[in-house]
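Results of the structural survey
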Amino acid sequence: GAGVSQSPSNKVTEKGKDVELRCDPISGHTALYWYRQRLGQGLEFLIYFQGNSAPDKSGLPSDRFSAERTGESVSTLTIQRTQQEDSAVYLCASSPAGNSNQPQHFGDGTRLSIL
Amino acid sequence: RKEVEQDPGPFNVPEGATVAFNCTYSNSASQSFFWYRQDCRKEPKLLMSVYSSGNEDGRFTAQLNRASQYISLLIRDSKLSDSATYLCVVNHMGRRALTFGSGTRLQVQP
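For clarity, every value in this text was computed on a predicted model and none was experimentally measured. (Residues numbered from 1 in each chain as written. Chains lettered and ligands numbered in written order. Predicted model: local features only at pLDDT ≥ 70, side-chain atom pairs only at ≥ 80, totals over all residues. Heavy atoms only, no water.)

Some thoughts on the pairing of strand β3 (residues 19-25) of chain B
All names here are of chain B. Quick reminder of the rule: A 1.4 Å probe rolled over the protein chains alone gives each residue an accessible area, and that area as a share of the maximum for its type sets the label: buried under 20%, exposed over 50%, partly exposed in between. The way it works is that DSSP assigns letters per residue, a run of H or I at least four long becomes a helix, a run of E at least two long becomes a strand, and they are numbered from the N terminus. Pairing between two strands is assigned when DSSP locates at least 2 bridges connecting them.
Of the two faces of β3, the one lined by Val-19, Phe-21, Cys-23 and Tyr-25 is fully buried and the one lined by Ala-20, Asn-22 and Thr-24 carries no buried residue. Strand direction decides the pairing type here: strand β1 (residues 4-6) and β3, joined by three bridges, are antiparallel. By the bridge assignment for β3, Glu-5 is matched with Thr-24.

This is the structure we're talking about:
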């Protein structure tokens, strides 16, 4: 596709359930990033992939959060035993390489609501 | 102290006005700077990169002051469609992910 694609666009689930969010980056982009944005707040970095390795996981808030990436394509972010404070928009971005000079292109996000 | 600080606003300006936003960053090793725009309930979109010499894109001018560690965005002849939240974004060599400010909200009024 032309841009970063995320699915689902919306997810409502009960507290304690596991959720899996998917990101399909722009074709050819080797770098992939996950961010979280709570209502009315700025973006928080979660994890960065270069290819299928994750050199920076420093933003993952707890061990309930994990992510993986297959090659240089799809990534999934998994949240286990969801809590209400996990409610947020989860945004994925990609860039051609993990070069700090290059801007990142964002998907539309997954709006996660934990009841 | 936040790594990137912005005045949250809102800035309410009439159409045609000139408005400027500033942003300060704390990490002197920051190397790349951007302004992103985020519309309500939408994803952030790149507005422009910010270069040391300053750069202009139509009605938008970005400036970087490394000595004082601040970045500015000037919007001339504001349009209703400029209403959005403007995110100041920095990056530094040791970290690939971008660091976002919380944004400055602009409301252009008819």
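A word on the packing of aromatic side chains
Note the following rule: Ring pairs shown here join Phe, Tyr and Trp side chains whose ring centres sit within 6.5 Å, with only the six-membered ring taken for Trp; geometry is labelled stacked below 30 degrees between planes, edge-to-face above 60, and tilted in between.
Inspection of every chain in the model, using the stated rule, returns 12 aromatic pairs over all chains. Measuring from ring centre to ring centre gives 6.4 Å for Tyr33(A) and Tyr35(A), while their planes differ by 25 degrees; the resulting arrangement is stacked. For the residue pair Tyr33(A) and Tyr35(A), the accessibility class agrees, reading buried in each case. Their ring planes at 90 degrees and their centres at 5.8 Å tell us that Phe106(A) and Tyr36(B) sit as a pair that is edge-to-face. Of this pair, Phe106(A) sits in strand β10 (residues 105-106) while Tyr36(B) is found in strand β4 (residues 30-38), placing the two residues in two different chains. Take Phe106(A) and Tyr36(B): they sit in the same class, and that class is buried. Here a set of aromatic residues connected by ring pairs shows up, and it is made of Tyr33(A), Tyr35(A), Phe45(A), Tyr48(A), Phe106(A), Phe34(B), Tyr36(B) and Phe100(B).

What about the sheet that holds strand β7 (residues 60-65) of chain B?
Residue and element names in this part refer to chain B. We apply this condition: Between N-to-C directions, angles span 0 to 180 degrees; the directions come from axes that are lines fitted to C-alpha atoms, helices contributing only their stretch in contact.
Spatial strand order, β1-β3-β8-β7-β6: five strands in an open sheet with antiparallel pairing. Two strands in the sheet have a free side with no partner beyond their single neighbour: β1 and β6 (55-57). Each strand axis lies, on average, 20 degrees off the axis of its neighbour in the sheet, ignoring direction.

A look at the interface of chain A and chain B
Put simply, the rule is: By definition, residues are in contact when any of their heavy atoms lie within 4.5 Å. Within this document, salt bridges are pairs made up of a side-chain nitrogen of Lys or Arg and a carboxyl oxygen of Asp or Glu, the two lying within 4 Å of each other. Any N or O atom pair separated by 3.5 Å or less is treated as a polar contact, with the protein-specific requirement of one donor-capable and one acceptor-capable atom, and with residues adjacent in sequence counted only for side-chain atom pairs. Following the grouping adopted for this structure description, the nonpolar residues are Ala, Val, Leu, Ile, Met, Phe, Trp, Tyr, Cys and Pro, the charged ones are Asp, Glu, Lys and Arg, and the polar ones are all others, Gly among them.
Residue-level contacts link 21 residues of chain A with 18 residues of chain B. Counting the contacts that link chain A with chain B gives zero salt bridges. Linking chain A with chain B are three residue pairs in polar contact (both at pLDDT 80 or more). Those elements giving two or more residues to the side of chain A that touches chain B turn out to be β4 (31-37) and β5 (43-50) of chain A. When its residues are assigned to classes, the side of chain A that touches chain B shows eight nonpolar, 10 polar and three charged.

Structural notes on the state of the cysteines
All names here are of chain B. Put simply, the rule reads: Here, the term disulfide refers to a pair of cysteine sulfur atoms separated by no more than 2.5 Å.
For the structure on display, the rule yields two disulfides over all chains. A disulfide bridge connects Cys-23 with Cys-88, and the sulfur atoms are separated by 1.9 Å. Taking the sign of the torsion about the S-S bond as the criterion, the disulfide between Cys-23 and Cys-88, at about -70 degrees, is left-handed. A residue pair is termed long-range when its members are at least 10 positions apart, and Cys-23 in strand β3 and Cys-88 in strand β9 (residues 84-92) qualify at 65 residues. Per residue, the accessibility class of Cys-23 equals that of Cys-88, and both read buried.

What about the sheet that holds strand β7 (residues 65-69) of chain A?
Residue and element names in this part refer to chain A. One open sheet holds the four strands; their spatial order is β1-β3-β8-β7, and the pairing between them is antiparallel. Each having just a single partner strand, β1 (5-7) and β7 make up the two edges of the open sheet. Taking each pair of neighbouring strands and ignoring which way they run, the sheet shows an average axis angle of 15 degrees. Relative to strand β8 (residues 75-79), β7 is paired through five bridges, and the arrangement is antiparallel. By the bridge assignment for β8, Ala-67 is matched with Leu-77.

It is worth stressing that arrangement in space is one thing and function is another; only the former is reported here.
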